[in-house]
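Each chain, letter by letter, is given below.
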Amino acid sequence: MKEDSLVIHEIYASIQGESTFAGLPCTFVRTTGCNLRCSWCDTTQAFYGGTRMTRAEVLERALATGTELVELTGGEPLLQPGVLPLMTELCNAGRTVLIETSGEADVSRVDRRVHKIMDLKAPGSGESARNRWSNLDHIGAGDELKFVLANRGDYEWMRDVIRSRDLPRRTPHLLASTVFGKLATKQLVEWVLADKLPVRVQLQMHKYVWAPEAQGV
Ligand code: SF4
């Protein structure tokens, strides 16, 4: 069955870098393939290649590192049907499970125990038209909505989306970060304070711990 195997780019332990779980030890299961092409994507290495593994093998390797947190990331994990049962199996094994997803893929069938960290793509990504707005109906207080901003226009887009779609009513976890090297975090902080916007400004932690272009960390 197509759920029985997955194409995996890498499985490794590191620290979670971009959510309210940031800084905690976490095992990353990075799947291969993405159907978007964000202008600032920093995981283009995961678009192609990878290794086909049985789901049982992926589960075993994800559990073997022993971290309490396990995150599915990519690429876009939800392109592979095996990711849904894998996440349920990880939850059943007692892990706290996160999934980073683009906001284009349908999240309605994700196990409710999983914390969804879902992007809303701003215009600077070049993929804003792909936001699947119906996904917001499946975002709850345990989930997180993430904006990656390249310029002032992206910031104003985020501000409008937060207000017009009343996002704080769905989740208190609204995350805002900047495209590394394009928009200064200090500038974002000033805008957020000026507008009293209820977002959590965050850094892409791994880019400060390791070299910005480092992979597998
Ligand atoms: S959705 Fe994520 S993996 Fe896909 S192109 Fe955009 S940033 Fe890269």
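Computed from a predicted model, the values in this text were never measured in an experiment.

Engineer: Looking at this structure, I do not really get the overall build of the protein chain. What am I missing?
Structural biologist: Summing up its helical and strand segments, the protein chain has 5 helices and 9 strands in all. Mapped in sequence order, the helices and strands of the protein chain form the string β-β-β-α-β-α-β-β-β-α-β-α-β-α. Here the C-alpha radius of gyration of the protein chain, 17 Å, is about what a compact globule of 217 residues would show, namely 17 Å. Expressed along its principal axes, the backbone C-alpha trace of the protein chain runs to roughly 50 × 35 × 30 Å. For the protein chain, buried positions account for 39% of its 217 residues.

Engineer: Sorry, what's going on with the sheet that holds strand 9 (residues 200-201) here?
Structural biologist: Strands belonging to one sheet form pairs held by backbone hydrogen bonds; the direction of such a pair is parallel or antiparallel. Spatially, 9 strands are ordered 3-1-2-4-5-6-7-8-9 in an open sheet, and the strand pairing comes out mixed. Strands with a single pairing partner mark the edges of an open sheet, and in this sheet they are strand 3 (51-54) and strand 9. Note: strand 1 (residues 5-15) against strand 3, 4 bridges, orientation antiparallel. Counterpart to Val-7 in the pairing with strand 3 is Arg-52. Along the sheet, helix 1 (residues 55-64) makes contact with strand 1, strand 2 (25-31), strand 3 and strand 4 (69-73), crossing strand 1 at roughly 5°. Those strands touched by helix 2 (residues 83-92) are strand 1, strand 2, strand 4 and strand 5 (96-101), and its axis lies near 155° from that of strand 5.

Engineer: For this particular structure, what's the right way to read the packing of helix 1 against helix 2?
Structural biologist: When two helices pack together, their arrangement is captured by the angle between the axes and the distance separating the axes. One way to put it is that helix 1 packs onto helix 2 with a least axis distance of 10 Å and a crossing angle of 40°. Taken together, the axes of helix 1 and helix 2 lie oblique to each other. Two packed elements cross with a definite hand, and for helix 1 against helix 2 that hand is right-handed. Facing Arg-55, Val-58, Leu-59 and Ala-62 of helix 1, the residues of helix 2 in contact are Pro-85, Leu-86, Glu-89 and Leu-90. Grouping the amino acids of the contact of helix 1 with helix 2 by side-chain chemistry returns 6 nonpolar, no polar and 2 charged.

Engineer: Would you explain the environment of Ser-177 in this entry?
Structural biologist: Its location among the elements puts Ser-177 in strand 8 (residues 174-178). Look at Ser-177 and you get buried, because 20 C-beta atoms sit within 10 Å. Once the C-alpha coordinates of Ser-177 and Lys-146 are considered, the two residues, 31 residues apart in sequence, prove to be 7.9 Å apart. Dropping the residues within four chain positions of it, Ser-177 is found in contact with Glu-18, Val-148, Gln-202, Leu-203 and Gln-204.

Reading guide: rules and limits
Residues numbered from 1 in each chain as written. Predicted model: local features only at pLDDT ≥ 70, side-chain atom pairs only at ≥ 80, totals over all residues. Helix = DSSP H or I, 4+ residues; strand = E, 2+ residues; numbered from the N terminus. Rg over C-alpha atoms; globule rule 2.2 N^0.38 Å. Buried ≥ 20, exposed ≤ 12 C-beta atoms within 10 Å, placed from the backbone. Pairing = 2+ DSSP bridges. Contact = placed C-beta atoms within 7 Å. Axes fitted to C-alpha atoms, helices over the stretch in contact; angles between N-to-C directions. Parallel < 35°, antiparallel > 145°, perpendicular 65-115°, else oblique. Left-handed = near helix turned anticlockwise from the far one by under 90°. Nonpolar A, V, L, I, M, F, W, Y, C, P; charged D, E, K, R; others polar.

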